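# A look at the structure
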Amino acid sequence: AFNSVAGRCVLIKLNSSFGVLSSTIYQGGMTNFTTINTNDQFGSYPNGSGDLNDDGLNDLFIGACLDDDGGSSSSNYGALYSILLNANSTPKSFYKISKSSTNFNTALTTNEMFGICNIPLGDFDGDHNLDFAIGAMGNSGSGGLYRDWETDRKSTRLNSSHSRASRMPSSA
């Protein structure tokens, strides 16, 4: 059932003929990663984030849209993991953005599902940091988008300068 697994994500590297060169499974408990709780739905939206820490390697964002950090076991606030990779695609380190994260100054609501989708925006605001848009499907039925998460490449941390743009209700 959809709500009964922690989840995982598989990265598959292809050759120029689209044959599989290698695959790496990302799941809770692997080296240099964390435990993923049952029902978190880790892997809900994997996305290449570019090189977040200027080590010449691409890194990953992976959503866990039913993560419950900061609430009860059924709060489903959601979370987004930023995974910095080694050359062999295994995790070097990770950062988790959730309701419990330091400097995340946004009140997520029950069933918000923050991290259901994400997309790198490049340097959206001209401050020489990478910016990202992170979706939240729930938000009391109206959905929402968190914009302008930034990576500070010197410290490889995510800054919380962001804004929220909620979808406007449609008029009849």
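A short tour of the structure in this document, coming up. Bear in mind the structure is a predicted one, so any value in this text is a computation, not a measurement.

Moving on, we come to the side chain of Asp68. Note that Asp68 resides in the loop between strand S4 (59-64) and strand S5 (79-85). Here Ser75 takes part through its backbone nitrogen, which lies 3.2 Å from a polar atom of the side chain of Asp68. Within the local environment of Asp68, its side chain forms a polar contact with the backbone nitrogen of Asn76, the two atoms lying 2.7 Å apart. Here Asp68 is in contact with Asp40, Ser73, Ser74, Ser75, Asn76 and Tyr77, once residues within four sequence places are set aside.

As a further point, take the sheet that holds strand S3 (residues 42-50). The pairing of strands in a sheet happens through backbone hydrogen bonds and is either parallel or antiparallel. In spatial order, the strands read S3-S4-S5-S6; together these four strands make up an open sheet with antiparallel pairing. With one partner strand each, in any of the chains shown, S3 and strand S6 (91-98) form the two edges of the open sheet. Neighbour to neighbour, the strand axes of the sheet diverge by 20 degrees on average, direction disregarded. With five bridges joining them, S4 and S5 adopt antiparallel strand pairing. Paired with Ile62 across the two strands is Tyr81, which belongs to S5.

Moving on: the packing of aromatic side chains. Think of a pair of aromatic rings as described by two things: how far the centres are apart, and how the planes are tilted against each other in angle. Scanning the model with the defined rule gives five aromatic pairs in all. Site record: aromatic cluster; members linked through ring pairs are Phe33, Phe42, Tyr81 and Phe94. Over the ring of Tyr77 we find Lys99; its NZ or CZ atom is 4.4 Å from the centre of that ring.

Parameters at a glance
- Residues numbered from 1 in each chain as written.
- Predicted model: local features only at pLDDT ≥ 70, side-chain atom pairs only at ≥ 80, totals over all residues.
- Heavy atoms only, no water.
- Helix = DSSP H or I, 4+ residues; strand = E, 2+ residues; numbered from the N terminus.
- Polar contact = N/O pair within 3.5 Å; in protein donor to acceptor, adjacent residues only side chain to side chain.
- Contact = heavy atoms within 4.5 Å.
- Pairing = 2+ DSSP bridges.
- Axes fitted to C-alpha atoms, helices over the stretch in contact; angles between N-to-C directions.
- Phe/Tyr/Trp six-rings, centres within 6.5 Å; stacked < 30°, edge-to-face > 60°.
- Lys NZ or Arg CZ within 6 Å of the ring centre and 35° of its normal.

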